[in-house]
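Commentary on secondary and tertiary structure
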Amino acid sequence: MHGQARVSLIFPAYNEADGIARAVEEAIAVGVFDEVIVVDNNSTDGTGDLARAAGARVVQESLQGYGRALQRGMREATGDLLVLCEPDGTFSLADVHKLLAYAGDFEVVLGTRTNSELIWEGANMRWDNRMGNLAVAKLLEWLFNGPNLTDCGCTLRLLHRRAYERIRDHLTVGKSHFLPEVVILALMTGCSVIE
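Scope of this entry: the structure provided in the associated data block. (Residues numbered from 1 in each chain as written. Predicted model: local features only at pLDDT ≥ 70, side-chain atom pairs only at ≥ 80, totals over all residues. Heavy atoms only, no water.)

1. Re the overall build of the protein
- Within the protein, the regular secondary structure consists of seven helices and seven strands.
- Reading the protein from its N end, one meets helices and strands in the order β-α-β-α-β-α-β-α-β-α-β-α-α-β.
- Taking 16 Å as the expected radius of gyration for a compact globule of 195 residues, we find that the protein reaches 16 Å, a close match to that expectation.
- Its C-alpha atoms give the protein principal-axis dimensions of roughly 45 × 40 × 35 Å. (Helix = DSSP H or I, 4+ residues; strand = E, 2+ residues; numbered from the N terminus. Rg over C-alpha atoms; globule rule 2.2 N^0.38 Å.)

Shown next, in the form of structure tokens:
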């Protein structure tokens, strides 16, 4: 719970048996999330069972794809604030407080992997990924008159339910480029966005 707002955490998961229990336990320990949803996207390694045993609500998404898993998780979430995150240890779930600090003023709060002072070393992208991501982010910033953007592909992000409901019926991407699509739709529908 954040103030009066219920907070849902959504983990897309495909064969994440090595770390899913640890990720769910870390999320619960943060003490902010009212529910932790693991979207099992056809795992063959027991990811769903491990997540459930650790305290998550597990939902199945049979259509393969990162974007499809995240869309399913958002549809299933009951919170007023929806937080998306990787369950692979890329992010510290305590960083949700950095997103929540802006949730009162913005409908969409995007994390970034480009500020090395604020993130774990393991979350830093290779230089070629960083340059490509930055180019796409700056293009979106320019095309859609958006805020300063440096990392439109960062999974760690928060959406108010009202923002999600505004873009929900327009989501089409089932693969990894789902994340930039969310940014584009948020900007096109007038959501207040900050990175």
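There's more to say after this.
2. Let's talk about the side chain of S8
- By the secondary structure assignment, S8 is in strand β1 (residues 7-13).
- Of note is the side chain of S8, whose polar atom sits 2.5 Å from the side chain of E35.
- For S8, the contacting residues outside a window of four places in its chain are F33, E35, A77, T78, G79, L81, L82 and V83. (Polar contact = N/O pair within 3.5 Å; in protein donor to acceptor, adjacent residues only side chain to side chain. Contact = heavy atoms within 4.5 Å.)

3. Some points on the sheet that holds strand β2 (residues 35-40)
- Ordered by their spatial adjacency, seven strands build an open sheet running β3-β2-β1-β4-β6-β5-β7, and the pairing between neighbours is mixed. At either margin of the open sheet sits one strand with a lone partner, and together these are β3 (57-60) and β7 (193-194).
- Here six bridges tie β1 to β2, and the two strands are oriented parallel to one another. Within the sheet, the bridge partner assigned to P12 lies in β2 and is V39.
- Contacting β1 and β2, helix α1 (residues 20-30) crosses the sheet at an angle of about 160° to β2. (Pairing = 2+ DSSP bridges. Axes fitted to C-alpha atoms, helices over the stretch in contact; angles between N-to-C directions.)

4. Comments concerning a nonpolar patch on the surface
- A contiguous nonpolar patch, built from L139, W142 and L143 and spanning about 380 Å² of accessible area, is present on the exposed surface.
- Position of W142 relative to the elements: it lies in helix α5 (residues 127-143).
- The exposure class assigned to W142 is exposed, which follows from its relative accessible area of 68%. (Patch = residues over 30% accessible without salt bridge, like charges linked within 9 Å, V, L, I, M, F, W, Y side chains within 5 Å. Areas by Shrake-Rupley, 256 points an atom, 1.4 Å probe, with all protein chains shown as cover. Salt bridge = Lys/Arg side-chain N within 4 Å of Asp/Glu carboxyl O. Buried < 20%, exposed > 50% of the residue type's maximum accessible area, 1.4 Å probe, protein only.)

5. Structural notes on the side chain of T112
- Positionally, T112 belongs in the loop between β5 (108-110) and α5.
- Of note is the side chain of T112, whose polar atom sits 3.0 Å from the side chain of T150.

6. Focus: the packing of aromatic side chains
- Scanning the model with the defined rule gives one aromatic pair in all.
- Between the aromatic rings of Y102 and F106, the centroid separation amounts to 6.5 Å while the plane-to-plane angle is 55°, which identifies the pairing as tilted.
- A relative accessible area of 23% places F106 in the partly exposed class. (Phe/Tyr/Trp six-rings, centres within 6.5 Å; stacked < 30°, edge-to-face > 60°.)

7. A short note on unusual backbone geometry
- With phi around 50°, N15 is a residue other than glycine that occupies positive phi space.
- Looking at where N15 falls in the secondary structure, it is placed in the loop between β1 and α1.
- For N42, which is not a glycine, the phi torsion comes out positive at approximately 70°.
- You can see N42 is positioned in the loop between β2 and α2 (47-54).

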